[in-house]
Amino acid sequence: MNTVTRLAAGQVSGRIHSWDLSTGVDGPGTRFVLFTSGCPLRCLYCANPDTWHMRDGREATVDEVMAEIDKYRPFITTAGGGVTLTGGEPLLQPAFTGAVVRRCKEAGLHTALDTSGFLGTRATDELLADTDLVLLDIKSFDVATYRKLTGGSLAPTLNFATRLDRLGVALWIRYVLVPGWTDDPEAVDGLGAFLAGLGSVDRVDVLPFHKLGAHKYDALGLPFPLRDAATPAPELIERVREQFREHGLRAL
């Protein structure tokens, strides 16, 4: 990349919500996690309704984001970590996301993309070549349940998973376990069989549904659709993990 192109890429701007540091939940090691604004889905259990609309974020250039990342570089590099783009949905802003990921790769940083895959067709092969890991959120393997749970279609996510496997991009699958919604044994087995056919799946994280974002709905004056839903019991969590393990997958 020549100097002129590099300057232009640095001036690419996007709408972001915030950033944070995390360990062990957004990819390997300690991560600089960039929350982008805007999401096309409306998951009933979403913990970040404050990231749904791009208009609610603030504009930032790639140079500004990289300057912030550089402040934390000693922490994320010594712990085997890197940078994770999440949201919201980072593929709603593919040019901005691609530019950030490219700059991180040029800086020698491990890159991860946390996405529902619903907008996977917006990710160019170049963006994915700069992505070391995709954290792919698969909300349900039942088409009707997926539609009720998210307002979107399951097919784009499955197509994106297949494409990532073809490109050899490492995958961590994230599966939020909601009693009465995503605990159906047949649907879990179906997803396990599908994932077992993808050689790039490193692990499946079964994430227990929680209500930690309920206060955000209150602050925004929005109803929290699953406020009265139960959180999963340890026995249910282990049952679902074991179902994935029966397909030869590493489930955590």
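Above this text you will find the structure in question.
Residues numbered from 1 in each chain as written. Predicted model: local features only at pLDDT ≥ 70, side-chain atom pairs only at ≥ 80, totals over all residues. Heavy atoms only, no water.

Draft legend 1. Focus on the packing of aromatic side chains. Counting across every chain of the model gives six aromatic pairs. Judged by centre distance (6.0 Å) and plane angle (45 degrees), the rings of F32 and Y72 are tilted. In this pair, F32 sits in strand 2 (residues 30-36) while Y72 sits in the loop between helix 2 (62-71) and helix 3 (73-78), placing the two residues 40 residues apart along the sequence. Through pairs of rings, three or more aromatic residues link up here, namely W19, F32 and Y72. Cation over ring: R203 sits above W172, and NZ or CZ is 3.8 Å from the ring centre. (Phe/Tyr/Trp six-rings, centres within 6.5 Å; stacked < 30°, edge-to-face > 60°. Helix = DSSP H or I, 4+ residues; strand = E, 2+ residues; numbered from the N terminus. Lys NZ or Arg CZ within 6 Å of the ring centre and 35° of its normal.)

Draft legend 2. Looking closely at the environment of D132. Counting through the fold element by element, D132 comes out in the loop between helix 5 (125-129) and strand 6 (133-137). Residue D132 is classed as partly exposed on the basis of its relative accessible area of 27%. Taking the C-alpha atoms as reference points, D132 and D142, 10 residues apart in sequence, are found 29 Å from one another. In contact with D132, not counting residues within four places along its chain, are K105, L109, H110, T111 and A170. A polar side-chain atom of D132 sits 2.9 Å from the main-chain amide nitrogen of T111. (Buried < 20%, exposed > 50% of the residue type's maximum accessible area, 1.4 Å probe, protein only. Contact = heavy atoms within 4.5 Å. Polar contact = N/O pair within 3.5 Å; in protein donor to acceptor, adjacent residues only side chain to side chain.)

Draft legend 3. Quick look at the nonpolar core. Core analysis: the biggest nonpolar cluster contains 66 residues, and I69, L195 and F244 have the highest contact counts within it. Excluding its chain neighbours within four sequence positions, the residues that come into contact with L195 are I138, I173, V201, V204, F244 and L249. (Core = buried A, V, L, I, M, F, W, Y, C linked by side-chain atoms within 4.5 Å.)

Draft legend 4. Focus on the pattern of salt bridges. Enumeration over the complete set of coordinates arrives at 12 salt bridges. Between D132 and K105 there is a salt bridge, with its nearest N and O atoms 2.9 Å apart. Here D132 is found in the loop between helix 5 and strand 6, whereas its partner K105 is found in helix 4 (residues 94-106), with 27 residues between them in sequence. For E242, the salt bridge identified is with R245, shortest N-O distance 3.5 Å. One end of the pair, E242, and the other, R245, are both in helix 10 (residues 234-245), three residues apart, so they sit about a helical turn from each other. With a relative accessible area of 34%, E242 lands in the partly exposed category. (Salt bridge = Lys/Arg side-chain N within 4 Å of Asp/Glu carboxyl O.)

Draft legend 5. Fine view of the packing of helix 8 (residues 185-196) against helix 10. Between helix 8 and helix 10, the least distance of the axes is 8 Å, while the angle of their chain directions is 35 degrees. Like other packed secondary-structure pairs, helix 8 and helix 10 cross with a definite hand, here right-handed. Contact residues: P185, V188, D189, L191, G192 and L195 in helix 8; R239, V240, Q243 and F244 in helix 10. (Axes fitted to C-alpha atoms, helices over the stretch in contact; angles between N-to-C directions. Left-handed = near helix turned anticlockwise from the far one by under 90°.)

Draft legend 6. Layout of the sheet that holds strand 4 (residues 82-86). Spatial strand order, 3-1-2-4-5-6-7-8: eight strands in an open sheet with mixed pairing. Both edges of this open sheet fall to strand 3 (58-61) and strand 8 (201-208), since each of them pairs with a single strand only. Each strand of the sheet is rotated relative to its neighbour by a mean of 30 degrees, with strand direction disregarded. Pairing of strand 1 (residues 13-23) with strand 3, which is carried by four bridges, proceeds in the antiparallel orientation. Note on strand 3: the bridge partner recorded for G14 is A60. Docked against the sheet, helix 2 engages strand 1, strand 2, strand 3 and strand 4, running at close to 80 degrees with respect to strand 3. (Pairing = 2+ DSSP bridges.)

Draft legend 7. Broad picture of unusual backbone geometry. Residue G88 follows G87 across a cis peptide bond; omega there is 10 degrees. With respect to the element layout, G88 can be found in the loop between strand 4 and helix 4.

Draft legend 8. Focus on the side chain of R163. Note on placement: R163 falls in helix 7 (residues 155-167). A residue is classified by how much of its surface remains accessible, and R163, at 15% relative accessible area, is buried. Not counting chain neighbours up to four residues away, the residues in contact with R163 comprise G120, T121, A123, T124, D125 and L128.

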